[in-house]
2 protein chains.
Amino acid sequence: MVTIRDIAEATGVSATTVSNVIHGKDNRVSAETIQKINEAIKELGYVPNMSARSLVSSSSRVIGFVNHVITRENTNFMEDPFHSAAIGAIEATLRENGYFLMLRTVENAEELVTFLQRWNMDGLFFTGIFKDKFFDSLAGLHIPVVLLDSYVHTSGFCNVGLEDFTGSYNATKHLIEKGHRHIGFASPNIKDGGVLQERFLGYKSALAEAGIPFEKGIVFQQEMDLNSCRLICNDIVEHPELTGLVVSADIMAAGIMTGLKEKGKRIPDDISIVGFDDISLSQLVDPPLTTIHQDMNLKGRLAVDFMLQLLSGKTLDTTEITLSTRLVERSSVKDLR
Amino acid sequence: MVTIRDIAEATGVSATTVSNVIHGKDNRVSAETIQKINEAIKELGYVPNMSARSLVSSSSRVIGFVNHVITRENTNFMEDPFHSAAIGAIEATLRENGYFLMLRTVENAEELVTFLQRWNMDGLFFTGIFKDKFFDSLAGLHIPVVLLDSYVHTSGFCNVGLEDFTGSYNATKHLIEKGHRHIGFASPNIKDGGVLQERFLGYKSALAEAGIPFEKGIVFQQEMDLNSCRLICNDIVEHPELTGLVVSADIMAAGIMTGLKEKGKRIPDDISIVGFDDISLSQLVDPPLTTIHQDMNLKGRLAVDFMLQLLSGKTLDTTEITLSTRLVERSSVKDLR
DNA sequence: GGGTAAAAGTTTAACGTTTAACTCATTCTA
DNA sequence: TAGAATGAGTTAAACGTTAAACTTTTACCC
């Protein structure tokens, strides 16, 4: 391994001078020396050792992307399509700015804090569901934190979210406006304080506003895979009064469409469906899915914008961004009027 | 920050003893002292500093997952659904074994080597297309390397791949057996030495074997997004003789199906389609897509298996695994016989 | 020509951890 | 009972980098 000291020796200066040149503090160094040092760096193939740097400067240039899972069972980081979309964008931007990205799943606050401390992390992206007190331990670390899709509004953290409530409200309202009165809600398991709960509340709110009584029996919760969707379909067809269905995630909507078609139901003639997310799949299913569009890529970019600003020590004018959604009408909803 | 020295002071022993206890080298320490130290660690909330550890032991416990891109243009790490699937599995397993995962895109070998050296990486997962000489610099680092879907068989590296050629050969043969004689090939841009090239060669080989002349004019290359697929469809409909199409990725197959349906073509009546990958979407499109199935999750798990074995210093019986594929018949192929 | 400032460095200590080599009792063995 | 072995540690150096505090030489000002 080529060290800074090797460069120093090769050029006949001290290690500090080499370090200064590397860090662009070259106002203290003659042009001639700078050139000699840079040449030696090229020649010998010097690569800075981040461990040493991090140790002495207590800044590691590492940013963590941490996903909080409740249990270890389904611990796959990438199950949510948002993650994949966001991480790609985040990695690219961070890299351009000289930062590194570490990926991690944690089960609890302690694990998270330990992770950050171990590596002297410079910043944190955080997704998942959590209680306020989860963050007490985080706040003490005094590093930039950007929350993604969090409904915890702890002061001091940046937050990039989505109008989940309003989006789902609009999805439901759209069905109501098309003359539907019996509208079910299907969703992956709704957890307290999460995105899906907001979407559920938006659905209920739209019903209430239209004077339609809420019925527990037509709320269907299951995993997102095709087989679980088929199970849901068994339940759905037992409610022949249903003409419309709001589904809180497009992947699930697609699964349910498949399941219903297998049972001989026609979409939208027998049942209308509105999804949520507008993933690329949604225009590919048959019929193309009417859904609530969100810009996941933008969400990722805004998150990393926040992070970079925080890292540069700027004081922010805003710490909270809630992206809006819009309804994309395709062909999965029938007009009953 | 609580250091090992704080623990040492609190318990009245030396730093070395604390270090020994932490690392389970406690044969040199009395049971009583061990307990006192462990209590102090809990009490004071000691967290080991990985930078310091890495600096002195030249092992960082960090594994890199690096994707090689040819240009910086489309630099999103996650565009390939395989990556998301694999990374989740890899992160989980590495974490369980006390390793950390760093994500990174690189443009060339130099960038890769620098990345690995900066952090003293313990291992590397690598995906992407590359020339043999790309690896010469890698070999000198003497760290475990696991290649994913690589068609470079440099000795010394582990390799987890797929029977891309055979899969695509079978897809094409399937159409031929169903009586098709005019079979096109659609694909994202085929690059030398990559997965897509193998799939292309498999297609050609099946044609050749059946005595069907290869026609350049019915090979369609485009990006994977829906609009590019529509462009392809413009071309496709200008070849009315085509009754079958092999598509080298399901995402694209779905896009093409949509595009063709928009143009009034019926699938499979007017044109039959066979995809590749069997992503979850493939059973959701209409008609459900006949495709070549691969187990991406298994690919990720095998890769991390390799890595863990290499890290533990075992000598491996195999360093190369090529997963097989299988044809999944759904409803996108018409029997012409 | 005395004092100040600038230019171009150097020296030293520190960051937190590990490792190799050492110490000093006590116990065992022949 | 001398010597070896064991148990339970300790000391000191090292890993590569940086930051703060120095040093030396030359130039400049009035």
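A brief structural summary. Here the residue numbering is sequential within each chain, running from 1 through the sequence in written order. Key to labels: chains lettered from A, ligands numbered from 1, both in the order written. Residues qualify for local features only when their pLDDT is at least 70, as the model is predicted, and side-chain atom pairs are given and counted only at 80 or more; totals for whole chains, interfaces and linings, by contrast, use all residues. For side-chain calculations, the full set of non-hydrogen atoms in the structure is used, while hydrogens and water are omitted.

Lining the immediate surroundings of DNA strand C are 25 residues, of which S14 and T16 of chain A together with I4, H23 and Y46 of chain B lie closest. The cutoff for a nearby residue is simple: one of its non-hydrogen atoms must lie within 4 Å of the molecule or strand. Each atom of DNA strand C within 4 Å of the protein was classed as base or backbone; sugar and phosphate made up 60%. Pairing of N or O atoms within 3.5 Å defines a polar contact, subject to two protein rules: one partner must be a possible hydrogen donor and the other a possible acceptor, and residues neighboring in sequence count only if both atoms are side-chain atoms. At a separation of 2.6 Å, a phosphate oxygen of DNA strand C approaches a polar side-chain atom of S14 of chain A. Y46 of chain B is positioned such that a nitrogen or oxygen atom in its side chain is 2.5 Å from a phosphate oxygen of DNA strand C. Secondary-structure elements contributing two or more residues to the surface near DNA strand C are α2 (15-22) and α4 (50-57) of chain A together with α1 (4-11), α2 (15-22) and α4 (50-57) of chain B. Top contributing element to the surface near DNA strand C by residue count: α4 of chain B, with three residues. Secondary structure is summarised from DSSP: a helix means a run of H or I of at least four residues, a strand means a run of E of at least two, and numbering begins at the N terminus for each.

Each partner contributes to the interface: chain A provides 50 residues, whereas chain B provides 50 residues. Defined here as a combined quantity, buried area equals the accessible surface (1.4 Å probe) lost by two parts on assembly, summed across both. Between chain A and chain B, a total of about 4,300 Å² is buried, with carbon and sulfur atoms accounting for 62% of that surface. It is R118, W119 and L284 of chain A in chain A that bury the most area against chain B; as a group they hold 17% of the surface buried on that side. Salt bridges are identified by distance alone: a Lys or Arg side-chain nitrogen within 4 Å of an Asp or Glu carboxyl oxygen. At the boundary of chain A and chain B, one finds zero salt bridges. Residue contacts are counted whenever heavy atoms from the two residues lie within 4.5 Å of one another.

Here the focus is the relation of the copies chain A and chain B. Relative to chain B, chain A is turned by 180° and slid 0.0 Å along the rotation axis, the superposed coordinates differing by an RMSD of 0.1 Å. Such a combination of turn and shift is consistent with a two-fold rotation axis. A high fraction, 100%, of the interface residues of chain A reappear at the interface in chain B, so the copies pair face to face through one surface. The fit set for superposing copies consists of C-alpha atoms from residues with pLDDT of at least 70 in both; the fit itself is least squares.

If a probe as big as a water molecule is rolled over the atoms, it shows which places are left empty. Taken as a whole, the second largest pocket encloses approximately 600 Å³ of empty space. T114 and R118 of chain A together with Y46, V47 and P48 of chain B are the residues nearest the centre of the second largest pocket, which is lined by 23 residues in total. At the level of secondary structure, the elements contributing two or more residues to the lining of the second largest pocket comprise α6 (109-118) of chain A together with α3 (31-44) and α4 of chain B. The element contributing the most residues to the lining of the second largest pocket is α6 of chain A, with seven residues. Each residue is assigned to one of three groups, with Ala, Val, Leu, Ile, Met, Phe, Trp, Tyr, Cys and Pro labelled nonpolar, Asp, Glu, Lys and Arg labelled charged, and all others, Gly among them, labelled polar. Per-class residue counts for the lining of the second largest pocket are 10 nonpolar, five polar and eight charged. For each structure, a 1 Å grid was placed over the protein atoms alone; sets of points admitting a 1.4 Å probe that cannot get out are labelled cavities, open sets with protein on both sides within 12 Å along at least five of seven lines are labelled pockets, and lining residues have an atom within 4 Å of a point. Grid points are joined across faces, edges and corners, and a volume is the space filled by probe spheres set on the points.

A separate point is the pattern of salt bridges. As enumerated under the stated definition, the model contains 21 salt bridges over all chains in all. For R337 of chain A, the salt bridge goes to D335 of chain A, with nearest N and O atoms at 2.8 Å. Between E111 of chain B and R104 of chain B there is a salt bridge, with its nearest N and O atoms 3.5 Å apart. A simple rule labels every residue: compare its accessible area, found with a 1.4 Å probe on the protein chains alone, to the largest value its type can have, and call it buried under 20%, exposed over 50%, or partly exposed in between. For E111 of chain B, a relative accessible area of 18% translates into the label buried. A network of salt bridges, in which partner residues are shared, links K178, E329, D335 and R337 of chain A.

Looking at DNA strand D, there are 24 residues lining it, with I4, H23 and Y46 of chain A together with S14 and T16 of chain B nearest. Close to the protein, within 4 Å, the atoms of DNA strand D belong to sugar or phosphate groups at a rate of 60%. One of the side-chain N or O atoms of S19 of chain A is found 2.9 Å from a phosphate oxygen in DNA strand D. Elements supplying a minimum of two residues to the surface near DNA strand D: α1 (4-11), α2 and α4 of chain A together with α2 and α4 of chain B. Take the surface near DNA strand D: its biggest share by element is three residues, from α4 of chain A. Taken together, the residues that form the surface near DNA strand D break down as 10 nonpolar, 10 polar and four charged.

Moving on: the sheet that holds strand β7 (residues 219-221) of chain B. Strand pairs in the sheet, formed through backbone hydrogen bonds, run parallel or antiparallel to each other. Residue and element names in this part refer to chain B. Whether two strands pair depends on DSSP finding at least two bridges between them. Strand order in the open sheet made by the six strands is β7-β6-β8-β9-β10-β12, with mixed pairing throughout. Where the open sheet ends on each side, the last strands, each with one partner, are β7 and β12 (326-328). Geometrically, the sheet is characterised by an average inter-axis angle of 20° between neighbouring strands, direction not taken into account. Strand direction decides the pairing type here: strand β10 (residues 290-293) and β12, joined by three bridges, are antiparallel. Considered in β12, the bridge of T291 is made with V328. Where helix α9 (residues 195-209) meets the sheet, it contacts β6 (183-187), β7, β8 (244-247) and β9 (272-277), and its direction lies at approximately 180° from that of β6. In this analysis an axis means a line fitted to C-alpha atoms, helices contributing only their contacting stretch, and an angle means the value between N-to-C directions, from 0 to 180 degrees.

Right, let's get into the sheet that holds strand β3 (residues 123-128) of chain A. The mixed open sheet is built from 12 strands, whose spatial order is β11(A)-β5(A)-β4(A)-β3(A)-β1(A)-β2(A)-β2(B)-β1(B)-β3(B)-β4(B)-β5(B)-β11(B). Of all strands in the sheet, those with a lone pairing partner are β11 (320-323) of chain A together with β11 (320-323) of chain B, marking the two edges. Within the sheet, the average angular offset between the axes of one strand and its neighbour, ignoring direction, is 20°. By the bridge criterion, four bridges tie β3 of chain A to strand β4 (residues 145-148) of chain A in an arrangement that is parallel.

This part takes up helix α9 (residues 195-209) of chain A. Residue and element names in this part refer to chain A. Multiplying 1.5 Å by the helix residue count minus one yields the expected span of that helix. Over its 15 residues, α9 runs 21 Å from end to end, which matches the ideal 21 Å to within 8%, given 1.5 Å per residue. Listed as buried for α9 are V195, L196, E198, R199, F200, G202, Y203, A206 and L207. Structurally, α9 contributes buried residues whose contacts are with β5 (158-162), α8 (164-177), β6 (183-187), β7 (219-221), β8 (244-247) and β9 (272-277). Within two residues after α9, G211 carries a phi angle of roughly 75°, on the positive side.

Residues and elements named next belong to chain B. For α2, the complete set of buried residues consists of T17, V18, N20 and V21. Taken end-on, α2 shows its buried residues confined to a sector of 160°, consistent with a single buried face. Of the surrounding secondary structure, the elements contacted by the buried residues of α2 are α1 and α3. The positive-phi residue at the C-terminal boundary of α2 is G24, with phi of around 70°. Within this analysis, the arc is defined by the directions that extend from the helix axis to the C-beta atoms.

Before going further, it helps to spend a moment on the pairing of strand β2 (residues 100-106) of chain B. Regular strands have side chains that alternate between both faces of the sheet. The element β2 of chain B is extensively covered by neighbouring structure, given that seven of its seven residues are classed as buried. Burial of β2 of chain B is two-sided: the residues F100, M102, R104 and V106 of chain B facing one way and the residues L101, L103 and T105 of chain B facing the other way are all buried. The sheet contact formed by strand β2 (residues 100-106) of chain A and β2 of chain B spans three bridges and is antiparallel. Across the sheet, L103 of chain A pairs through a bridge with L101 of chain B, a residue of β2 of chain B. When strand β1 (residues 62-68) of chain B meets β2 of chain B, the two strands line up parallel, connected through seven bridges. Each bridged residue has a counterpart across the sheet, and for I63 of chain B the counterpart in β2 of chain B is L101 of chain B.

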